[in-house]
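Summary of structural features
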Amino acid sequence: MKSRTDWYFAIFVASFIFCCLLLTIEQEVAWYDSAETVVAALRLDIPHQPGYPIYTLLAALWLRVIPFGSLAARLSLLAALCTSLAAFFIFVSLRNEKIVSSNLSATLAAVLLGFAPIVWNSSIVCEVYTFELLLLSMAFWALTAKNKIAGPLLCGTALCHRTSALALAPALLLYFGKDKCRVYLQETNAKQALSYLGLFFLPFLSYGYVYWRLGNPSLVIADPQTPKSLATLFSYWSCADYRHALFPFGFQEMLVRFKHLLWALGLQFPLVGFCFIALGYKAIAKRSELLRALCYVIFINCLFVAGYAAMEADTMMLPTIAAMAVLGAIGFDFLLADMKLPWARAVVIVLVIWTAGRGYYLIDGDRLLGSDRFMQQIATLAPKGGHLLLS
């Protein structure tokens, strides 16, 4: 983005989303993981695998810098801030590479992302999910801005924070295409390649915090008897204790879970938003690399969510919602720029107001959310062997 107006627009949209999230922010812990997150940040403890060392250290600093509100409210505020910043970076990314031609189209992507009920629900509690969304959005920005320092650093940070980011890595190859990747490798010498690898693995030094705290008898959450070793650190990062929860279902159960997942996903956007998303597929048919990358993110993320036997599986749909929000912005931009429809601007203004009001209505008073419905339905699918995790 070269225009100062574009930056002002992005800041205004992110601030608007942040202010709306503040209206419904949780003052107390919402569920078990929220309590664990607060205790880990307060006592410099180790949360459940993968340990979230970067988030835990950031949350510990945040608790000590922000002097007002309850402990839970402060970390809920951090979650809301992460979502608004993620919307900001999605906006900037779309304008960086001219994926969309107007600020209104980028605004639509930010609003569809920030006000989707699952995203909103994750943004007002002390949880780690919106921090992952922020890291992925920042990585997308670095790649569209062709920032050779921030790109590998942010991709490594996202992978360090959550192992599931590894499944999204092929989207990078699909986005750049094999020809661009081949040219890029030919232009990169050995010294540059080593520096990029160093930046990529730099965030993993944060696991030194986990190593430092292991074996400490004052630990509340992690087992104080856990031995200090590199094997223990790898088991933490790779979520060894949760591997049994991946795809424990039969074919019929997976189909039922996919049906429930699609139901939850269908409640995340207004009908007009879905029309823009569908139009987005047509609009970027010529940009096959971007289309393949977005479709891959949606497919692999939904497959992972449907196959993960945990009550909080719905909160892992945030990358899918972000990809669909980008498609919606591209579809609207097609109406605005290519078809030159005079009423398109009025539609997006109404849609922004409607999406914000709809999200507030669904969140306020704990009304039926897509995520709640998804959690209620998958809870009935636990095999008799007890594969469903209630963490």
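Structure report, in brief. Fair warning: this is a prediction, and the values are worked out from it, not measured in the lab.

Conventions we followed
- Numbering of residues begins from 1 in every chain and follows the order in which that chain's sequence is written.
- Owing to the predicted nature of the model, reporting of local features is limited to residues with pLDDT of at least 70; listing and counting of side-chain atom pairs is limited to 80 or more, with chain, interface and lining totals taken over all residues.
- Only heavy atoms go into the side-chain values, all of them from the structure, while hydrogens and water stay out.
- Strands here mean DSSP runs of E at least two residues long; helices mean DSSP runs of H or I at least four residues long; both are numbered from the N terminus.
- Remark: exposure states derive from per-residue accessible area (1.4 Å probe, protein chains only) relative to the maximum for the residue type, with buried under 20%, exposed over 50%, and partly exposed in between.
- One less than the residue count of a helix, multiplied by 1.5 Å, gives the span that helix is expected to have.
- Polar contacts, as used here, are pairs of N or O atoms within 3.5 Å; protein pairs need one atom able to donate a hydrogen and one able to accept it. Residues neighboring in sequence count only if both atoms are side-chain atoms.
- In this analysis, rings of Phe, Tyr and Trp, with Trp reduced to its six-membered ring, are considered paired at centre separations within 6.5 Å, and the interplanar angle assigns stacked below 30 degrees, edge-to-face beyond 60, and tilted for intermediate values.
- Look at NZ for Lys and CZ for Arg. If either is within 6 Å of the ring centre and within 35 degrees of the ring normal, a charge sits over the ring.

**Describing the overall build of the protein**
Along the backbone of the protein there are 18 helices and 0 strands. Across the 391 residues in the protein, those meeting the buried criterion constitute 55%.

**Re helix H7 (residues 129-144)**
In this model, H7 (16 residues) spans 23 Å end to end at C-alpha, consistent with the 22 Å of a helix rising 1.5 Å per residue. Among the 16 residues of H7, 14 are classified as buried, and the element is accordingly described as predominantly covered. Remark: Lys146 follows H7 within two positions and exhibits a positive phi of approximately 55°.

**Considerations on helix H10 (residues 190-201)**
Because each turn of an α-helix spans 3.6 residues, side chains separated by three or four positions end up pointing in the same direction. Taking 1.5 Å of rise per residue, the 12 residues of H10 would be expected to cover 16 Å, and the 17 Å separating its terminal C-alpha atoms lies within 8% of that figure. The N-terminus of H10 is capped by Asn189, whose side-chain oxygen sits 3.2 Å from the backbone nitrogen of Lys191.

**A short note on the packing of aromatic side chains**
Under the counting rule described, the total for this entry stands at 13 aromatic pairs. With a centroid separation of 5.9 Å and 85° between ring planes, the pair formed by Phe16 and Phe115 is classed as edge-to-face. Pair noted here: Phe16 is in helix H1 (residues 4-22) and Phe115 is in the loop between helix H5 (103-114) and helix H6 (117-123), with a separation of 99 residues, a long-range link. For Phe115, a relative accessible area of 0% corresponds to the buried category. A ring pair is formed by Phe304 and Tyr308, whose centres lie 5.7 Å apart and whose planes are at 10°; its orientation type is stacked. Assessed through its relative accessible area of 7%, Tyr308 is described here as buried. An aromatic cluster of at least three residues, connected via ring pairs, comprises Phe200, Phe201, Phe204, Phe234 and Trp237. One cation-aromatic arrangement involves Arg213 over Trp212; the distance from NZ or CZ to the ring centre is 5.3 Å. The ring of Tyr211 is capped by Lys228, whose NZ or CZ atom sits 5.5 Å from the centre of that ring.

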